[in-house]
Amino acid sequence: MDNDELYQQVILDHNRHPRNFREISPCSCQAEGYNPLCGDHLNVYVRLSQEGIVEEVAFQGDGCAISKASASMMTAAMQGKTVEEARALCAEFHSLITKELDPGKETHHLGKLTVFSGIWKYPSRVKCAILPWHTLKGALDNKPTVSTE
Amino acid sequence: MLDIQKVRRDFPNLRTRTRDDKPLVYFDNAATTFKPCQVISLTHSHYCHRTANIHRGVHYLSEEATAQYESTREKVRRFLNAASLSEIIFTKGATEAINLVAYSWGRTFLKPGDEIIISGMEHHSNIVPWQMVREATGCVIRVIPLTDKGELCLDEYRRLLGPRTKLVSVVHVSNSLGTVNPVREMAKDAHAVGALFMLDAAQGIAHEPIDVQAWDIDFLAFSGHKLYGPTGVGVLYGKEKLLEAMPPYQGGGDMILSVTFDQVIYNRLPHKFEAGTPNVAGVIGMGAAIDYVRTLGWEDIISWKKSLVEYGTRVLTAVPGLRMIGTADNKTPVFSFLLGEIHPHDIGTLLDREGVAIRTGHHCTQPVMKRYGIPATARASLAFYNTKEELDVLATALRKVIEVFK
Ligand SMILES: Cc1ncc(COP(=O)(O)O)c(C=O)c1O
């Protein structure tokens, strides 16, 4: 398992010590995400400032290392973004993990999130990585429940 | 004794190399089994030399294909020791067989308040069809609970049985726990209150010889692909007098004797339940699978699998932090487990990197997961062609998984 592209240190670290792993109460919006295939679920909470800036994103739930690390890194990446920027980052992440965006060649705002760039090689795991992002988008769009199916 | 190396040569898929040229360890047999050359070559030769529709041609090929198709019915009859060929209905799998009974028998004979008993370890395919019948008829579903070891609470089963019970439908061998249920006894208990007894033998069919007459089974369902045969084909067995009284499940060609716009006369059994062109090659391939199992002999298969249960339990429970889900006294080599706090998905992906194919998730048995308060398990399910060395590979790979997450 040396050199494994999926379970890199960053991912293992976020799995072990997830950032912003808590509830925000009261929050500006929240959503529950569910992957019926594996039973994973999580809640994503968002606090926005009056100007519409993302002040805080947090999450809680059960999931594999991939979904937990993805959620953890997402909450960190969202801080300080406008809602529009947050939506744009969700879209970029989606393009990254479906191999539509090549982080080596194209400009992007993904930063450390590029550790997920190899995940398209594991089709069964793409949904694990995307679930927190779909859920965040659901929260911003006022859709209280989100499913990956 | 089973000559395991010789047997393995019959299954070309066992020679697959996976990622990084690692030899495949295939431990996902509860999902589907590999097919021996005998099955592959008969299916192949059907498509090469015997392609024809059945029951309707006057030409040579059609007659040949029909004969092979119908001779498989006889093979299945003998395999289950059914009383008559009319009792063997080809379906596309266990799921369709259960749906056939639920739809045709259930909707015809169940009334509001009538009770069906299933168990807490059913596959979704033996839950959802009955929920659909409940919608349609107002019948009630009762569920036999599970013990901590993953066995059925038989006392509770007997308490559930009563004058309102019309059908008991339970799994023979659990795909997620490996438990082998005492179905002969359970059938007796069901009949004592006048209920019918249906067996989901999707896994059980590869576990031990089934005798539907001696066991007094009313309906039985299985799939060819879990018995080393092709996908997309399976069997419903039903006692003739029950099938006679049931209306057809689907309408179409082959299931009729005559059709006018005013009237239709249904064909006799078993054709009444086989509307449309069936999976001819699949049925024939399933026949070859049955021949294969009979030639190997049940005794050797059973004793080898028993030693795999013992060895697997030993080497896996020695892995630090491994918690086995399903430790019934009578079980098949199906090992459902958790590993510390590591999510089963991660275990599955990391084992895949080592060439070990397992399944992770709820295994289409969500109520079982709920019963044990877990979202999912990792499951290694073995067939008779698996070896103790392969179990060692799994145990070593699991220790590596622990290292990654340390
Ligand atoms: C116990 C059990 N019942 C029913 C089924 C359904 O079989 P199929 O999908 O072949 O129809 C399965 C398959 O996983 C099973 O394990």
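Residues numbered from 1 in each chain as written. Chains lettered and ligands numbered in written order. Predicted model: local features only at pLDDT ≥ 70, side-chain atom pairs only at ≥ 80, totals over all residues. Heavy atoms only, no water.

Below, the discussion takes up the interface of chain B and chain A. With 17 residues of chain B at the contact, the number on the chain A side is 19 residues. Between chain B and chain A the total buried area reaches about 1,500 Å² when both faces are included, carbon and sulfur atoms providing 55% of it. Here chain B and chain A share one salt bridge between them. Here Asp346(B) and Arg125(A) are joined by a salt bridge, their closest N and O atoms 3.0 Å apart. Where the side of chain B that touches chain A is concerned, the elements lending two or more residues are helix H11 (344-353) and helix H13 (388-404) of chain B. (Contact = heavy atoms within 4.5 Å. Buried area = accessible area lost by both parts, 1.4 Å probe. Salt bridge = Lys/Arg side-chain N within 4 Å of Asp/Glu carboxyl O. Helix = DSSP H or I, 4+ residues; strand = E, 2+ residues; numbered from the N terminus.)

With 142 residues, the main nonpolar core has Phe116(A) and Phe197(B) as its most contacted residues. For this core, the leading source of residues is helix H4 (residues 123-140) of chain A, giving nine residues. Looking at this core, you find at least three residues from each of domain 1 (4-30 + 297-405) and domain 2 (40-295) of chain B. Not counting residues up to four positions away in its chain, the partners in contact with Phe197(B) are Tyr157(B), Leu167(B), Val168(B), Val170(B), Val183(B), Met186(B), Ala187(B), Ala190(B), His191(B), Ile217(B), Asp218(B) and Phe219(B). Ala102(B), Cys139(B), Ile141(B) and Leu167(B) belong to the second largest nonpolar core, which has 28 residues in total. (Core = buried A, V, L, I, M, F, W, Y, C linked by side-chain atoms within 4.5 Å. Buried < 20%, exposed > 50% of the residue type's maximum accessible area, 1.4 Å probe, protein only. Domains from an automatic or database assignment.)

Glancing now at the site of the ligand. Residues and elements named next belong to chain B. The ligand sits among Ala94, Thr95, His123, Ser125, Val171, Asn175, Asp200, Ala202, Gln203, Ser223, His225 and Lys226. In the environment of the ligand, an oxygen atom lies 2.5 Å from a nitrogen or oxygen atom belonging to the side chain of threonine 95. Between glutamine 203 and the ligand, the recorded distance is 2.8 Å, taken from a side-chain N or O atom to an oxygen atom. Bound to the protein, the ligand loses 86% of the 390 Å² it would expose on its own. Its residues placed into classes, the shell around the ligand shows three nonpolar, seven polar and two charged. (Near = heavy atom within 4 Å. Polar contact = N/O pair within 3.5 Å; in protein donor to acceptor, adjacent residues only side chain to side chain. Areas by Shrake-Rupley, 256 points an atom, 1.4 Å probe, with all protein chains shown as cover. Nonpolar A, V, L, I, M, F, W, Y, C, P; charged D, E, K, R; others polar.)

Further remarks concern the pairing of strand E9 (residues 256-259) of chain B. All names here are of chain B. Bridge count for E9 against strand E10 (residues 264-266) is three bridges, and the pairing is antiparallel. Residue pairing in the sheet places isoleucine 256 in a bridge with tyrosine 266 of E10. Linking E9 to E10, which pair antiparallel, is a turn of four residues. (Pairing = 2+ DSSP bridges.)

Residues and elements named next belong to chain A. The topology assignment puts leucine 113 in the loop between helix H3 (83-97) and H4. In this structure leucine 113 comes out as buried when scored by relative accessible area, which is 2%. Along the primary structure leucine 113 and cysteine 29 are separated by 84 residues, whereas in three dimensions their C-alpha atoms are 24 Å apart. Once residues within four sequence positions are removed from consideration, leucine 113 is found in contact with Met73, Met74, Ala77, Phe93, Leu96 and Trp133.

Another aspect to go through is the packing of helix H2 (residues 65-78) of chain A against H3(A). All names here are of chain A. Running from N to C, H2 and H3 point in directions that differ by 145 degrees, and their axes come no closer than 11 Å. Here H2 runs over H3; the crossing is right-handed. Contacts from Ser70, Ala77 and Met78 in H2 reach Ala86, Leu89, Cys90 and Phe93 in H3. Class assignment for the residues of the contact of H2 with H3 results in six nonpolar, one polar and no charged. (Axes fitted to C-alpha atoms, helices over the stretch in contact; angles between N-to-C directions. Left-handed = near helix turned anticlockwise from the far one by under 90°.)

Here we come to helix H1 (residues 9-16) of chain A. Within an α-helix, residues lying three or four positions from one another point in the same direction, as the helix has 3.6 residues per turn. When H1(A) is considered as a whole, its buried residues turn out to be Ile11(A), Leu12(A), His14(A) and Asn15(A). One face of H1(A) carries all of its buried residues, which in axial projection span an arc of 165 degrees. The secondary structure elements touched by the buried residues of H1(A) are H2 of chain A together with H13 of chain B. (Arc of directions from axis to C-beta.)

Turning next to the domain arrangement of chain B. Residue and element names in this part refer to chain B. Looking at the assigned domains, one finds that chain B contains domain 1 (4-30 + 297-405) and domain 2 (40-295). One C-alpha centre belongs to domain 1, the other to domain 2, and the line joining them spans 28 Å. Taken together, the contact between domain 1 and domain 2 spans 34 residues of the former and 33 residues of the latter. The junction of domain 1 with domain 2 conceals about 2,700 Å² of combined surface from both sides, 54% of it contributed by carbon and sulfur atoms. Counting across the domain 1 and domain 2 interface gives two salt bridges.

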